[in-house]
Amino acid sequence: MRTPQQRQVLPALSIMLGAILASITAPTLSSNIVSTNVSAGNSVVVDDKADAARLRAEYIRKNYAKFEYRIPMRDGKLLFTSVYVPNDASASKRYPILMSRTPYSVGPYGSDQYKTMLGPTAEYEKDGFIFVYQDVRGTYMSEGEFVNMRPHIDEKKSKTDIDESSDTYDSIEWMIKHLPNNNGKVGQWGNSYPGFYTSAGAIDSHPALKAVSPQAPIADWFRGDDMHRNGAFNLQMAFGFFHSFGQPRPQPTTGAGWKNFNFGTPDGYQFFLDLGSVANANTRYFKNGISFWNEITAHPNYDHFWQSRNILPHLKNIKAAVLTVGGWYDTEDLYGPLNTYKAIEKQNPGIQNTLVIGPWTHGGWFRTDGDKVGDANFGYKTVQTYQPVEFAFFKHYLKNGDKPTLAEAWMFETGANRWRGFDSWPPKEGKDKALYFQANGKLSFNAPANQDAQFAEYISDPAKPVPYTTEIETRWSKQYIAADQRFATSRPDVLSWQSEVLEKDVTLAGPLSADLFVSVTGSDADFVVKLIDVNPANLEVDAQTNRGNQQTLVRGEPFRARFRDGFETAKPMVPNQMTKLKFAINDVFHTFQRGHRIMVQVQSSWFPFIDRNPQSFVPNIYEAKDSDFIKATHKVYYGSQQPSALHVKVLPALDE
């Protein structure tokens with residue numbers, strides 16, 4: 001935590017970034033132009049990313065030596081580890097270790113087979129690190145049993161009490177003692193599942209672990225990451241992922257392992273609609289052969305199985321500096337980075353703990369240019385601003401480079417399309433307000449005046465669920481998160497409330513939460529709340545493009561009403577009884593510009609990203625029969641006695 005005097009505002013941040021950028025001469029991989037000749041050191045111009053990737057691979061092959069090890073863990077299991085050491089390593093030259101632990105293979109295997117990239121960007125390879133990649137326990141060439149989101153053991157009583165923290169500790173201990181020419185300092189990074197392993201590796205940090213960067217780290221697979229959103233099942237993601245990733249691996253192997261599911265059609269919406277109940281996935285396709293799918297469907301509530309896989313309470317005794325990274329448009333893991341930062345901040349006072357959230361999809365900070373997502377365009381390649389900062393972070397803590405002057409929270413403000421720094425997240429300056437549902441589809445920061453209960457209603461039909469995207473996809477969409485919502489607005493089973501035209505910019509910064517007063521004629525229901533930025537009626541982007549009245553999604557989250565009293569226990573709804581639902585929605589940092597409108601939509605399906613609720617209560621929703629799926633009338637109430645609203649934090653304008 002930093003003092004208010006340390007708060008980084010935009011001008012100071014720009015100066016800092018300029019200094020970092022000026023100190024780094026190598027181009028980022030995301031650039032379309034690369035000006036490095038790896039063989040002679042002379043400048044050349046390369047016009048496309050394919051050539052840049054080829055030159056990068058050639059540089060690695062010429063300048064690094066690869067070794068393969070099987071590192072012993074405290075219980076005797078051996079973890080397969082690939083190590084790339086700079087060729088110029090000598091008795092007088094020392095390099096730090098930069099490690100990534102993964103369940104997705106460290107391949108290619110063989111000391112003469114090289115990765116085509118080693119660090120997050122090419123700058124790391126040119127500067128010189130010892131790069132380490134490790135197959136985590138039970139995957140590919142590593143021994144042992146693989147456990148998804150392996151639970152952490154706080155108190156280890158014997159050598160058989162192992163977890164990802166102990167495996168990381170044992171690996172670092174071995175590497176510091178056995179890898180020649182290391183300088184005694186280790187960094188760790190990873191994106192998505194490797195981000196989880198990075199978080200886990202920081203717990204009870206090895207003394208040599210100096211810097212970690214969990215990127216899009218998984219934190220809790222039930223409340224917010226990947227497989228569930230507020231207890232609602234991410235059918236499209238879980239089905240495709242576990243059909244491949246969940247295949248058994250009885251013995252160490254270099255084989256790819258992935259067996260992509262053949263949907264037989266490009267139309268995921270129709271495929272999953274034809275699937276019917278989730279229970280049919282096993283009877284028709286998986287045949288009980290995917291063990292973790294069986295475990296998911298055996299644990300429909302937030303019981304010990306899921307709670308033990310929540311890493312957040314265990315993020316303690318962290319001594320390394322932390323740089324947690326995420327993307328506002330990550331359709332897989334936004335909950336993870338936001339809550340990883342929060343948990344580390346609370347449970348490890350005094351350490352260097354920084355949060356960076358940019359306008360990116362999953363891993364977009366090194367996989368894309370970061371200039372646009374869906375219908376949102378940011379005007380420039382935002383990764384070129386971020387990547388030098390990450391590089392400076394690792395170089396400082398592992399090589400004694402200049403310390404980057406980073407704000408504690410360095411966040412991209414969508415809508416305004418600029419970076420801003422704060423001494424905490426959410427910003428202390430944010431004011432709690434609510435966007436209240438009003439009569440005639442109006443949305444206002446003013447609470448509704450005293451009036452009799454009013455409601456809007458729709459028929460929710462599981463046979464005709466609201467699609468979450470207009471794209472034809474079998475895998476989940478990465479673009480829906482910033483897509484035009486007019487396709488949904490026109491449906492009779494989607495409710496919309498919209499503000500008047502804004503007379504000044506309105507900036508929301510921090511978490512959102514929904515208060516909904518509802519009734520249903522069934523005994524269970526889902527409710528999806530979406531926050532939307534509505535363009536002016538005539539908004540010309542260029543001579544060919546007019547985005548007038550576009551309704552760009554800013555944030556959307558579902559909630560399964562059976563969990564209204566807690567995720568641990570499912571309770572049926574009482575038909576036709578008004579019930580209050582309150583649920584959390586992931587943070588935003590977005591400016592609704594003057595002349596725009598703010599819209600909130602409510603609906604009861606988001607298919608097939610989220611599985612269909614049968615709308616008749618069954619104790620285990622994954623065992624619902626096709627006959628359990630029924631039409632139901634859903635009402636959303638508003639007024640002074642039933643103030644349905646979206647609760648937000650409003651940031652004062654910079655000139656206030």
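Analysis parameters
Residues numbered from 1 in each chain as written. Predicted model: local features only at pLDDT ≥ 70, side-chain atom pairs only at ≥ 80, totals over all residues. Heavy atoms only, no water. Axes fitted to C-alpha atoms, helices over the stretch in contact; angles between N-to-C directions. Helix = DSSP H or I, 4+ residues; strand = E, 2+ residues; numbered from the N terminus. Parallel < 35°, antiparallel > 145°, perpendicular 65-115°, else oblique. Left-handed = near helix turned anticlockwise from the far one by under 90°. Contact = heavy atoms within 4.5 Å. Nonpolar A, V, L, I, M, F, W, Y, C, P; charged D, E, K, R; others polar. Pairing = 2+ DSSP bridges. 1 Å grid on protein atoms, 1.4 Å probe; cavity = no way out; pocket = protein on both sides within 12 Å on 5 of 7 lines; lining within 4 Å. Points joined across faces, edges and corners; volume = space filled by probe spheres on them. Salt bridge = Lys/Arg side-chain N within 4 Å of Asp/Glu carboxyl O. Buried < 20%, exposed > 50% of the residue type's maximum accessible area, 1.4 Å probe, protein only. pLDDT = per-residue confidence, 0-100. Polar contact = N/O pair within 3.5 Å; in protein donor to acceptor, adjacent residues only side chain to side chain. Core = buried A, V, L, I, M, F, W, Y, C linked by side-chain atoms within 4.5 Å. Phe/Tyr/Trp six-rings, centres within 6.5 Å; stacked < 30°, edge-to-face > 60°. Lys NZ or Arg CZ within 6 Å of the ring centre and 35° of its normal.

So, the packing of helix α6 (residues 235-245) against helix α9 (residues 291-298)
Part 1 of the argument: Packing of α6 against α9 leaves a shortest axis separation of 9 Å and a crossing angle of 150°. By the angle between their axes, α6 is roughly antiparallel relative to α9. With respect to the hand of their crossing, α6 and α9 are arranged in left-handed fashion. Touching L235, A238, F239 and F242 of α6 are F292, W293 and I296, all from α9.
Part 2 of the argument: Grouping the constituent residues of the contact of α6 with α9 by class yields 7 nonpolar, no polar and no charged.

Looking at the sheet that holds strand β3 (residues 95-102)
Where strands meet in a sheet, backbone hydrogen bonds hold them as pairs that are either parallel or antiparallel.
Part 1 of the argument: Strands sit in the order β1-β2-β4-β3-β5-β6-β9-β10-β13-β14 across an open sheet of 10 strands; the sheet is mixed. One side of each edge strand has no neighbouring strand; the edge strands of this open sheet are β1 (64-72) and β14 (418-422). Shown here is a sheet whose adjacent strand axes are inclined to one another by a mean of 20°, direction ignored.
Part 2 of the argument: When strand β2 (residues 78-86) meets strand β4 (residues 130-135), the two strands line up antiparallel, connected through 4 bridges. For Y84, the partnering residue across the bridge sits in β4 and is F131.

Some details on the packing of helix α4 (residues 164-178) against helix α5 (residues 193-202)
Part 1 of the argument: Where α4 meets α5, the axes come as close as 7 Å, and the angle between the chain directions of the two elements is 75°. As far as their axial angle goes, α5 and α4 are roughly perpendicular. From α4, E164, S165 and T168 reach across to α5, where they touch F196, Y197, A200 and G201.
Part 2 of the argument: Tallied by class, residues from the contact of α4 with α5 come to 3 nonpolar, 3 polar and 1 charged.

What to know about the sheet that holds strand β23 (residues 551-560)
Part 1 of the argument: The strand order across the open sheet formed by 4 strands is β18-β25-β20-β23, and the pairing between neighbours is antiparallel. Each having just a single partner strand, β18 (494-498) and β23 make up the two edges of the open sheet. Averaged over all pairs of adjacent strands, the angle between strand axes in this sheet comes to 20°, irrespective of strand direction.
Part 2 of the argument: Sheet analysis places strand β20 (residues 526-534) next to strand β25 (residues 597-603), joined by 7 bridges and oriented antiparallel. Looking at the pairing, V534 lines up with R597 of β25.

A look at the layout of surface pockets
Part 1 of the argument: There is about 990 Å³ of room inside the largest pocket.
Part 2 of the argument: Y104, N191, S192, P194 and R367 are the residues nearest the centre of the largest pocket, which is lined by 38 residues in total.
Part 3 of the argument: Looking at the lining of the largest pocket, the elements with two or more residues in it are β3, β5 (182-191), α5, α6 and α12 (364-367).
Part 4 of the argument: When residues of the lining of the largest pocket are assigned to their parent elements, the largest contribution, 5 residues, is made by α6.

Comments concerning the pattern of salt bridges
Part 1 of the argument: All told, the structure shown has 32 salt bridges when counted by the stated rule.
Part 2 of the argument: Of the charged contacts, one joins K395 and D127 as a salt bridge, the two residues approaching to 3.1 Å between their closest N and O atoms. Of this pair, K395 sits in helix α13 (residues 383-399) while D127 sits in helix α3 (residues 122-127); the two residues are 268 residues apart in sequence, bridging distant segments of the chain.
Part 3 of the argument: Here K395 falls in the partly exposed class, since its relative accessible area comes to 29%.
Part 4 of the argument: Note that E173 is salt-bridged to K177, the shortest N-O span being 2.9 Å. Of this pair, E173 and K177 both sit in helix α4, separated by 4 residues, roughly a single helical turn.

Quick look at the confidence of the model for the chain
Part 1 of the argument: Of all residues in the chain, 92% have pLDDT values of 70 or greater, and the mean over the chain is 91.
Part 2 of the argument: Confidence drops under pLDDT 50 across residues 1-44; counting only partners more than four residues distant or on other chains, this segment forms 89 contacts.

Here's the deal with the environment of N230
Part 1 of the argument: By the secondary structure assignment, N230 is in the loop between β7 (228-229) and β8 (232-233).
Part 2 of the argument: Given the relative accessible area of 8%, N230 is considered buried.
Part 3 of the argument: Note: C-alpha distance between N230 and R560 (330 residues apart in sequence) is 6.8 Å.
Part 4 of the argument: The residues contacting N230, other than those within four sequence positions of it, are F222, R223, E557, P558, F559, R560, F563, F567, F583 and A584.
Part 5 of the argument: From its side chain, N230 meets the backbone oxygen of A584 in a polar contact 3.1 Å long.

Focus on the pairing of β20
Part 1 of the argument: The buried fraction of β20 is high, at 9 of 9 residues.
Part 2 of the argument: Every second residue of β20 is oriented toward a common face, with D526, V528, K530, I532 and V534 on one face and F527, V529, L531 and D533 on the other, all of them buried.

Examining the nonpolar core
Part 1 of the argument: Counting residues in hydrophobic clusters, the biggest one holds 106 residues, and the most contacted among them are F242 and W293.
Part 2 of the argument: When residues of this core are assigned to their parent elements, the largest contribution, 7 residues, is made by strand β19 (residues 506-520).
Part 3 of the argument: Dropping the residues within four chain positions of it, W293 is found in contact with F233, L235, A238, F239, V278, A281, N282 and F286.
Part 4 of the argument: In this structure, V325, W360, F393 and I532 belong to the second largest nonpolar core, which totals 69 residues.

Here we look at the environment of L553
Part 1 of the argument: Within the secondary structure, L553 is located in strand β23.
Part 2 of the argument: Along the sequence, L553 and I481 sit 72 residues apart, while their C-alpha atoms lie 6.1 Å from each other.
Part 3 of the argument: Setting aside residues up to four positions removed in sequence, L553 forms contacts with Y480, I481, A482, A483, Q485, K530, L531, I532 and W606.

So, the side chain of N282
Part 1 of the argument: Tracing the backbone through its elements, the reader meets N282 in helix α8 (residues 280-286).
Part 2 of the argument: When sequence neighbours within four positions are dropped, the list of residues in contact with N282 reads K287, N288, W293 and N294.

As for the side chain of S192
Part 1 of the argument: Relative to the elements of secondary structure, S192 occurs in the loop between β5 and α5.
Part 2 of the argument: Assessed through its relative accessible area of 9%, S192 is described here as buried.
Part 3 of the argument: The contacts of S192, once residues within four sequence positions are left out, are Q215, A216, P217, I218, E332, D333 and H362.

So, the packing of aromatic side chains
Part 1 of the argument: One pass over the structure, following the stated rule, counts 74 aromatic pairs.
Part 2 of the argument: A centroid spacing of 4.8 Å and a plane angle of 80° characterise the contact between F261 and F263, whose relative ring orientation is edge-to-face. For the pair shown, F261 and F263 are each scored as buried.
Part 3 of the argument: Measuring from ring centre to ring centre gives 6.0 Å for W606 and F609, while their planes differ by 80°; the resulting arrangement is edge-to-face. Across the pair, F609 and W606 agree in class, each one buried.
Part 4 of the argument: A cation over an aromatic ring shows up here: K433 above the ring of F445, its NZ or CZ 5.7 Å from the ring centre.
Part 5 of the argument: Looking at R475, its charged tip hangs above the ring of W476, at a distance of 4.5 Å from the centre.

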